[in-house]
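This is what each chain is made of:
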Amino acid sequence: MSGAFGDADAVADARARAESLLARMTLREKIGQMTQAEKNSVTPDEVREHGLGSVISGGGGNPEPNTPAAWRDMVLGFRRAASESRLGIPLIYGVDAVHGHNNVVGATIFPHNVGLGAVGDADLVRRIGRVTAVEVAATGVRWNFAPAVSVPVDVRWGRTYEGYGQDPELVGRLAAAYVEGLRGDRWNAPDAVLPSVKHYLADGAATIGTSTRWDRASVKSVADDPTLANAGPAAEFLQVLDRGAWTIDQGVVGFDEGTLREAFLPPYRAAIDAGALNVMVSYGSWGGLRMHAHRTLITDVLKEELGFEGFVVSDWAAIDQIHDDPAVCVERSIDAGIDMVMVPFDWRRFMDLLEAAVDRGDVPLARIDDAVRRVLTVKFHLGLFDEAGEAEREPPLSVVGRQEHRRIAHEAARRSAVLLQNRGSVLPLSPSLPSLLVAGVGADDVGLQCGGWTISWMGGAGPITPGSTLLQGLRRLRPDADVAYDPDGRGASRAPVGIVVLAEEPYAEGMGDRHSLALEQEELTLVERIRARVDTLVLVLYAGRPRVLGDAVRLADAIVCAWLPGSEGAAVAEPIVGASAFEARLRLRWPAADGDLPLHPFCPAGGGPAALFEIGAGLSTTRWAGPESAA
Ligand code: GLC
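### Observations regarding the site of the ligand
And then number 1: As a structural note, the neighbourhood of the ligand is formed by 13 residues, with Asp96, Arg159, Lys198, His199 and Asp315 the closest of them.
And then number 2: Separating an oxygen atom of the ligand from a side-chain N or O atom of Asp96 is a distance of 2.5 Å.
And then number 3: Expressed as a share of its isolated accessible area of 310 Å², the protein-covered part of the ligand is 97%.
And then number 4: Split by residue class, the shell around the ligand holds six nonpolar, two polar and five charged.

### Some details on helix H12 (residues 326-336)
And then number 1: For H12, the set of buried residues is Ala327, Val328, Cys329, Val330, Ser333, Ile334 and Ala336.
And then number 2: Buried positions along H12 lie against helix H11 (295-305), strand S12 (341-342), helix H13 (347-360) and helix H14 (365-381).
And then number 3: Two or three places before Ala327, at the start of H12, stands the capping residue Asp325, its side-chain oxygen 2.8 Å from that residue's backbone nitrogen.

### Topic: the packing of aromatic side chains
And then number 1: This model, assessed by the stated rule, comprises 12 aromatic pairs.
And then number 2: Connected via pairs of aromatic rings, a cluster forms that spans Trp143, Phe145 and Phe311.
And then number 3: One Lys or Arg, Lys198, reaches over the ring of Trp453 and ends 5.8 Å from the middle of that ring.
And then number 4: Over the ring of Trp246 we find Arg213; its NZ or CZ atom is 5.6 Å from the centre of that ring.

### Some points on the sheet that holds strand S5 (residues 194-195)
And then number 1: Spatially, S5-S4-S3-S2-S1-S12 is the arrangement adopted by the six strands of the open sheet, whose pairing is parallel. At either margin of the open sheet sits one strand with a lone partner, and together these are S5 and S12.
And then number 2: Bridging between strand S3 (residues 92-95) and strand S4 (residues 143-144) involves two bridges; their strand directions are parallel. Residue pairing for S4: Val95 is matched across the bridge by Asn144.

### Section: the nonpolar core
And then number 1: Grouped together as the largest cluster of nonpolar side chains are 186 residues, with contacts concentrated most on Tyr93, Tyr200, Leu201, Phe264, Leu354 and Leu539.
And then number 2: Ranked by residues supplied to this core, first place goes to helix H6 (residues 122-138) with 10 residues.
And then number 3: Ignoring anything within four residues of it in the chain, the contact list for Tyr93 reads Lys39, Val55, Ile56, Ser57, Trp71, Met74, Val75, Phe78, Val141, Arg142 and Trp143.
And then number 4: Ranked by size, the runner-up nonpolar core spans 30 residues in total, among them Leu448, Leu471, Val483 and Tyr542.

### What to know about the pattern of salt bridges
Side chains that carry opposite charge are capable of pairing whenever their charged atoms lie near each other.
And then number 1: Following the criterion strictly, the structure yields 52 salt bridges and no others.
And then number 2: A salt bridge links Arg531 to Asp557; its shortest N-O distance comes to 3.1 Å. Separated by 26 residues along the polypeptide, Arg531 in helix H18 (residues 521-531) and Asp557 in the loop between helix H19 (552-555) and strand S18 (558-563) bring together distant segments of the chain.
And then number 3: The buried category is assigned to Asp557, whose relative accessible area is 13%.
And then number 4: Connected through salt bridges with shared partners, the residues Asp121, Asp123, Arg127, Glu411, Arg415 and Glu583 form a single ionic network.

### Some words on empty space enclosed by the protein
Leftover empty space is mapped by rolling, across the atoms, a probe with the size of a water molecule.
And then number 1: Tallying each qualifying case throughout the model produces six cavities of 30 Å³ or more.
And then number 2: Every residue lining the largest cavity is counted, 13 residues in all, and those nearest its centre are Asp203, Asp249, Gln250, Ser282 and Tyr283.
And then number 3: Residues that form the lining of the largest cavity fall into these classes: five nonpolar, five polar and three charged.
And then number 4: If you add up the space inside the second largest cavity, you get close to 60 Å³.
And then number 5: Considering the residues around the second largest cavity, the lining is formed by Val98, His112, Asn113, Ala146, Pro147, Ala148, Glu162, Tyr164 and Tyr178.
And then number 6: Taken together, the residues of the lining of the second largest cavity sort by class into six nonpolar, two polar and one charged.

Analysis parameters
Residues numbered from 1 in each chain as written. Predicted model: local features only at pLDDT ≥ 70, side-chain atom pairs only at ≥ 80, totals over all residues. Heavy atoms only, no water. Near = heavy atom within 4 Å. Polar contact = N/O pair within 3.5 Å; in protein donor to acceptor, adjacent residues only side chain to side chain. Areas by Shrake-Rupley, 256 points an atom, 1.4 Å probe, with all protein chains shown as cover. Nonpolar A, V, L, I, M, F, W, Y, C, P; charged D, E, K, R; others polar. Buried < 20%, exposed > 50% of the residue type's maximum accessible area, 1.4 Å probe, protein only. Helix = DSSP H or I, 4+ residues; strand = E, 2+ residues; numbered from the N terminus. Contact = heavy atoms within 4.5 Å. Phe/Tyr/Trp six-rings, centres within 6.5 Å; stacked < 30°, edge-to-face > 60°. Lys NZ or Arg CZ within 6 Å of the ring centre and 35° of its normal. Pairing = 2+ DSSP bridges. Core = buried A, V, L, I, M, F, W, Y, C linked by side-chain atoms within 4.5 Å. Salt bridge = Lys/Arg side-chain N within 4 Å of Asp/Glu carboxyl O. 1 Å grid on protein atoms, 1.4 Å probe; cavity = no way out; pocket = protein on both sides within 12 Å on 5 of 7 lines; lining within 4 Å. Points joined across faces, edges and corners; volume = space filled by probe spheres on them.

This is the structure:
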């Protein structure tokens, strides 16, 4: 019974308390616990009246002002209202803190998972999970929709950076460490945060061109899609559609059951064995069925075969994609084994439809009771009921973005940079180098180095949150050198070494799907401009995935992929100047050309094109002992 929940007594106690409470609940109250609304669609009074089980902030669902204190006030307002409902069942608030408490200005922003995969250090990921939990809990939030255990098959997928890589064993090991970090010493500690292992199953394995998330044929305006309208200006939306947005994410998984079990299921087993108490379902489809209606995978495999004792949550409005009739969507998703439904907007309709389905006998009351029993058991296990004055025991707001947390983020950013090429061993740069030319807006832009899921859903360029940049790091580490900054490279000055930073524009989810990963012409032009002005050129990439580099491979002496390093971008300067060593390794196959994609390790042995850089690639360097040791 205890399985990964922890000690059997605690689980038995939580289960018994859940059973006793369940017996006192009306059907409507049970359905309330199965309902999760987005904070802009519900008021605390409605939470109290309808006994909702959870409220969330979607990506960028921030209070105004966006401060830790305002976050805490908002979340505690919902929690307090729930405690005043007839049975006072505590509400659990959820956010996507996928690389730190990333919606909150001033929070510590860690490298996205693709960079943590490159480091491959479970202890580092565990420490990041712990710090993330502390900052999240300080704002009253006790549920984090992370870790993603995605295994990205086609790196043109906009969520590639949310995964640790294409090695299922590594993904499982790091996800388990993150779960342990979110837990800390015990699940019922005031700074323990519920993980949501996502997205079940094989979210990163969809085939390009199979996503139906955006109906290109008939829908012309994003205005009538309340979720995507939240992603940014409509004009930009139509542009990225032309570049491939929403062609992979939420698409169809074409692998057979054997590969599904071998490549995508193991990380769930590892995370569940580490104590994961919640799983979020994928938007995708497999075997002709939407995952959200897949009873075999959710109930038979996850709950019964893997023995998952927590509860399963849907993704954002995902059940609406099951069928044209909302009543059928509700019936099929609950029957498949979903226990709580993320209904960002019309949560009343969901509750009414589910109640009607139970009244008709289309959804057995036993299924409702199983779902609510699971939700309540987790809430008891998290200690949410024992919160008399608990909010006062949660971490103080001063922990958000504190220096000791930023030092861990700095370590992670420093260690995640992969040295792909080092012609003539130009890196680390000589400590006696007199001058340096830095180009590319990404060299001095916190928003670009953080990527998506930062302050807003899509993220964005500019000083969106406190942090440091590569340019600042270079100047801090080499105060004696002349470090010139020429963002667009249009200057004329020469320098012995030039560092060019090419940064992907931030994106999230399917908005980041692309037909091509090739460098833009303006990016190549910048590299060519700087090449003509320096003796040695170092190319630094800020990207959520491999880029097709083309001529840049020839033009650059050294190539560093720093992924999306987060708020502490100055750390990326360290291995470049020799204040630390390059150690990271590739965990994704790196294509030489768009035509070689998808490029993954799950194709038949020996099949498909070679990668430009293979999984495991990455050059090592040594740190300078000090200036006197310079060659
Ligand atoms: C999104 C994502 C999921 C996230 C959820 C809540 O659509 O697919 O990863 O946790 O909605 O923001």
